[in-house]
Structure formats: structure tokens, C-alpha cells
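# Structure assessment
Below, each chain spelled out in residue letters.
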Amino acid sequence: MSDLVIGADGLARCAWGASTPDYAVYHDTEWGRPLHGDDALYERMTLEAFQSGLSWLTILRKRPAFRLAFDEFHIPTVAGYGDSDVTRLLADAGIVRNRAKIEAAIANARAALELPDGLSALLWSFAPERRPARPASFSELAPITAESTAMAKALKKRGFRFVGPTTAYALMQATGMVDDHIVGCHVTSALPA
């Protein structure tokens, strides 16, 4: 299977982005587009952590339920969650009911509140310099980079959980800190030249 495919709409996409209608919308409108803002990045970090060991499609399809369950990922609100909220979340069939991941999401909101310059500033400080060209294939990409390793280490040092180097790199891809669309993909790079 090629890393680039032509969709039914005639547009060239990264192959994974053409595999389902949900992925096509996500690929075309979100993945790889720069995302800023503490709550927005907290949401993506949380969802990447919940995805660990699961398909991203599962998380993407459950995202509306996650947003409802986690109060739109408003950091101060989630940071104030207590035992009754953990119980509520564990009973919510609309989300992934994993105690360790739920408790990590709450701990991460609390850790985010402690950041003097905010979560967005911290995460973006690890964005690598833009590469000269998009990759020709996904085989050129490593699941862990020096930057994602440094990001994960800095987050863990500040009390964040479920943020290993692989999850950190997936977050970098999803939020446009890197542009990992394949050469020929119709999605225009939103990163500065």
C-alpha cells in the first residue's frame, strides 16, 4: 500500500487519512495544523494519552463524549475534579474507562495549572525546526525524536503522566509542531517557511 492515495474526491492524501470518512475529515482539517492554547493542547494531550494501546479512530469517534465528560477540557475545571468525578468518569460508557488514564488526565490538568507560562508555551518550546521537505514516505519518520524525548522528560519532571516520547511525538504531529504529511498530499503546510 502506498503512503499516498487518491481519494474518491480526487484528492491525494496520506494513506491513513483516506481509510475512513472520519479519518479523512480529521486528516484534512486538523492533523498537522498548528494548534495553540492551553485548553486546546491539554485536550489533545489527554486524548493522545487515552489512545495509548488503542486505535486513534476509537478516540476520534469518542471525542464528543470525552469533551462532554471532561467539561470541554477546561484545565481549571478538570484540575478541581475529585473522587466523585473519577467515579462518574469510570461509569461513562461514552469514553475509555481506564482509571489510570482518568487519574492521569486530572493530574495533568493540575500540573498544567502550575506552569508559569502555560501549557502551550511549554509544548511549543520543543517544536523542532521545520524540515526542508515533507517525507516521501512514512518509513522516513521515527516514532520518537530528540525533541519528543525532551518534551516527555520535561513534562514528567513537572508531574505530568502518560506522556512518553512516542505519545509526545504523536502530539507534535497532531498539533502541527511537525508537518508529517507525505509529499504530494493535498493538505497545505500551515507551518511557517
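These remarks concern the structure in this document.

Parameters and conventions
- Residues numbered from 1 in each chain as written.
- Predicted model: local features only at pLDDT ≥ 70, side-chain atom pairs only at ≥ 80, totals over all residues.
- Heavy atoms only, no water.
- Buried < 20%, exposed > 50% of the residue type's maximum accessible area, 1.4 Å probe, protein only.
- Helix = DSSP H or I, 4+ residues; strand = E, 2+ residues; numbered from the N terminus.
- Contact = heavy atoms within 4.5 Å.
- Polar contact = N/O pair within 3.5 Å; in protein donor to acceptor, adjacent residues only side chain to side chain.
- Salt bridge = Lys/Arg side-chain N within 4 Å of Asp/Glu carboxyl O.

## Concerning helix H9 (residues 165–174)
When you tally the buried positions in H9, you get 7 out of 10 residues, the bulk of the element. Listed in full, the buried residues belonging to H9 are Thr-167, Ala-168, Tyr-169, Leu-171, Met-172, Gln-173 and Ala-174. Those residues of H9 that are buried lie in contact with helix H1 (21–29), helix H2 (38–51), helix H7 (119–124) and helix H8 (146–157). Phi turns positive, to about 75 degrees, at Gly-176, one or two residues after H9.

## Some remarks on the side chain of Arg-63
Note that Arg-63 resides in helix H3 (residues 56–69). What makes Arg-63 buried here is its relative accessible area of 10%. A polar contact is formed between the side chain of Arg-63 and the side chain of Glu-30, at a distance of 2.6 Å. Residue contacts for Arg-63: discarding those within four places in its chain leaves Glu-30, Glu-43, Arg-44 and Leu-47.

## A look at the pattern of salt bridges
Inspection of every chain in the model, using the stated rule, returns 10 salt bridges. Asp-179 is the salt-bridge partner of Arg-134, the closest N and O atoms lying 2.8 Å from each other. Here Arg-134, found in the loop between H7 and H8, pairs with Asp-179, found in the segment after H9; they are 45 residues apart in sequence, far enough to count as distant. Judged by relative accessible area, which is 19%, Arg-134 ranks as buried.

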